[in-house]
Amino acid sequence: MDFLPFTRPDIDEATIAGVGDVLRSGWITTGPQAKAFEAALSKHCGGRPVRCFNSGTATMEIGLRLAGIGAGHEVITTPLSWVATANVVLEVGGKPVFVDVDPRTRNIDLSAAEAAVTSKTQGIIPVDLAGLPVDRDRLNDLAKRKKLRVVEDAAQSFGASWKGKQIGSFGDFVSFSFHANKNITSAEGGALVLPDESYAGRCEALRLQGVVRSGEDGMEVEEPGGKFNLTDVAARIGLGQLPRLADFTLRRRTLARRYFQLWDRGLGCELPVDDFENSNWHMFQVVLPDRMPRAKFIAGMRDHGIGVGVHYPAMHLFKLYRRLGWREGQFPHAERIGRQIATLPLFPRMADTDVDRVCEAAKKVLA
Ligand SMILES: *Cc1c(COP(=O)(O)O)cnc(C)c1O
């Protein structure tokens with residue numbers, strides 16, 4: 001039987017042909033495809049302005065800069081995320097302030113976030129882990145009361161929604177990633193939803209060396225920017241993916257439902273929140289019982305031909321963050337989940353019977 005990875009991109013033949021056309025067109029870096037991708041993403045986000053980047057990480061970094069976050073500013077976030085979430089705060093000169101997660105949702109505990117606000121707090125980065133949205137009503141209420149800027153790390157929640165509204169169609173800054181493992185991909189890439197058009201000019205400048213062009217030959221630079229532009233080759237992949245998003249999300253939901261139907265509750269694992277309204281089911285993650293070391297589970301599943309991912313160890317325990325003063329024991333929920341969480345296979349091309357296979361293998365490995 002073929003090895004079943006925990007995820008796999010689904011690129012159709014029309015998109016592959018479209019990429020060929022771009023490669024033959026004579027214009028392969030940022031150009032008409034990137035513009036078209038931005039327009040399509042803006043439509044998806046209820047008409048809000050959107051600008052593309054070459055990674056979700058670059059997207060977040062520019063989002064922070066546009067939000068006015070820099071030296072001396074504290075930014076509250078979750079330790080249970082891809083390390084990019086906090087790295088970008090350091091990158092702009094700020095200080096990431098971690099708070100624990102809610103063990104049920106595995107997302108930032110907003111009460112803990114509120115308690116962590118100080119006079120130096122400038123922003124908050126919520127992360128929709130596995131595609132399950134952080135409570136946007138509570139989040140935006142907190143941000144308003146405490147006058148915080150929000151840069152939503154929605155890298156995993158493209159296609160998810162909150163009370164019927166698409167993630168990205170409301171809020172302050174919203175950052176998406178189109179990394180190969182995300183729900184839609186451009187191989188590598190990202191997009192920033194802006195609160196309004198007034199941010200667009202500076203956003204474009206910060207994306208490319210700070211350069212502002214005018215007239216036929218005018219060029220000016222007022223502040224340094226990065227080299228963060230999305231290529232047309234990548235944008236063409238994204239344009240081929242976007243129309244398939246709704247089908248991808250439906251398929252992911254169907255597979256997630258099957259996991260809930262077939263998973264043996266006697267194994268002692270914690271299942272994710274069974275949200276079939278908001279979540280885009282970017283991942284299906286279980287928290288293993290303490291008796292089962294995760295490495296042993298991963299190896300056991302591999303022996304059954306099944307890939308298991310790790311998303312993520314609690315990042316405040318990385319050396320970089322320990323050096324900044326963070327310690328074991330500060331965030332018991334994030335630490336335990338970060339040690340025992342396992343990502344099971346879930347991607348649109350998977351067969352229903354693949355879920356059956358995963359559930360049966362898990363039963364044997366956990367026995
Ligand atoms: C993927 C991801 C990112 C970073 O996106 P890249 O496109 O890989 O730079 C940031 N935060 C989270 C939660 C992610 O999953």
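Quick caveat: nothing in here was measured; it's all calculated off a predicted structure.

**Student:** Help me understand the site of the ligand in this model?
**Tutor:** Near the ligand there are 15 residues, and of these Gly56, Thr57, Asp153, Ser177 and Lys182 occur at the shortest range. At 2.7 Å from a nitrogen atom of the ligand is found a side-chain nitrogen or oxygen belonging to aspartate 153. A distance of 2.8 Å is found between an oxygen atom of the ligand and a side-chain nitrogen or oxygen belonging to glutamine 156. With the chains in place, 94% of the 380 Å² that the ligand exposes on its own is no longer accessible. The class makeup of the residues in the shell around the ligand is 4 nonpolar, 9 polar and 2 charged.

**Student:** Help me out: how do you make sense of the packing of helix α9 (residues 245–262) against helix α13 (residues 352–366) in this one?
**Tutor:** How two helices sit against one another is set out by the angle between their axes and by the gap between those axes. At their nearest, the axes of α9 and α13 sit 10 Å apart, and the two run at 35° to each other. Two packed elements cross with a definite hand, and for α9 against α13 that hand is right-handed. Between α9, through Arg251, Leu255, Arg258, Tyr259 and Leu262, and α13, the contact on the second element is made entirely by Asp352, Val355, Asp356, Val358 and Cys359. When its residues are assigned to classes, the contact of α9 with α13 shows 6 nonpolar, no polar and 4 charged.

**Student:** What's the story with the pairing of strand β10 (residues 211–214) in this structure? I'm lost.
**Tutor:** Each regular strand shows side chains that alternate between the opposite faces of the sheet. Relative to strand β11 (residues 218–221), β10 runs antiparallel, the two being bridged by 4 bridges. Bridge pairing in β11 links arginine 213 to methionine 219. Taking the residues between adjacent antiparallel strands as the criterion, β10 and β11 are bridged by 3 residues, where glycine 215 takes a positive phi near 55°.

**Student:** I tried to follow the nonpolar core on my own but got confused; where do I start?
**Tutor:** One recurring pattern in soluble globular proteins is that nonpolar side chains are buried together. One finds Trp263, Phe284, Val286, Phe297, Met301, Leu344 and Leu366 to be the most contacted residues of the largest nonpolar core, which totals 31 residues. Elements with a minimum of two residues in this core: α9, β12 (284–287), α10 (294–303), β13 (341–344) and α13. Sort the elements by how many residues they give to this core and α13 lands first, with 7 residues. Among residues more than four places away in sequence, those in contact with phenylalanine 297 are Leu288, Met292, Val308, Ala342, Leu344, Ala362, Val365 and Leu366.

**Student:** Can you help me understand the pattern of salt bridges in this one?
**Tutor:** Any two side chains of opposite charge can pair, on the condition that their charged atoms come close. Here the structure, examined in full by the defined rule, presents 20 salt bridges. A salt bridge links aspartate 10 to arginine 349, with the shortest nitrogen-to-oxygen separation between them at 3.0 Å. In this pair, aspartate 10 is assigned in the segment before α1 (13–25) and arginine 349 in the loop between β13 and α13, connecting sequence segments 339 residues apart. Look at arginine 349 and you get exposed, because its relative accessible area is 57%. One salt bridge in this structure joins arginine 149 and aspartate 172, with 2.8 Å as the shortest N-O distance. A residue pair is termed long-range when its members are at least 10 positions apart, and arginine 149 in strand β5 (residues 149–153) and aspartate 172 in the loop between β7 (165–166) and β8 (173–177) qualify at 23 residues.

Parameters and conventions
Residues numbered from 1 in each chain as written. Predicted model: local features only at pLDDT ≥ 70, side-chain atom pairs only at ≥ 80, totals over all residues. Heavy atoms only, no water. Near = heavy atom within 4 Å. Polar contact = N/O pair within 3.5 Å; in protein donor to acceptor, adjacent residues only side chain to side chain. Areas by Shrake-Rupley, 256 points an atom, 1.4 Å probe, with all protein chains shown as cover. Nonpolar A, V, L, I, M, F, W, Y, C, P; charged D, E, K, R; others polar. Axes fitted to C-alpha atoms, helices over the stretch in contact; angles between N-to-C directions. Helix = DSSP H or I, 4+ residues; strand = E, 2+ residues; numbered from the N terminus. Left-handed = near helix turned anticlockwise from the far one by under 90°. Contact = heavy atoms within 4.5 Å. Pairing = 2+ DSSP bridges. Core = buried A, V, L, I, M, F, W, Y, C linked by side-chain atoms within 4.5 Å. Buried < 20%, exposed > 50% of the residue type's maximum accessible area, 1.4 Å probe, protein only. Salt bridge = Lys/Arg side-chain N within 4 Å of Asp/Glu carboxyl O.

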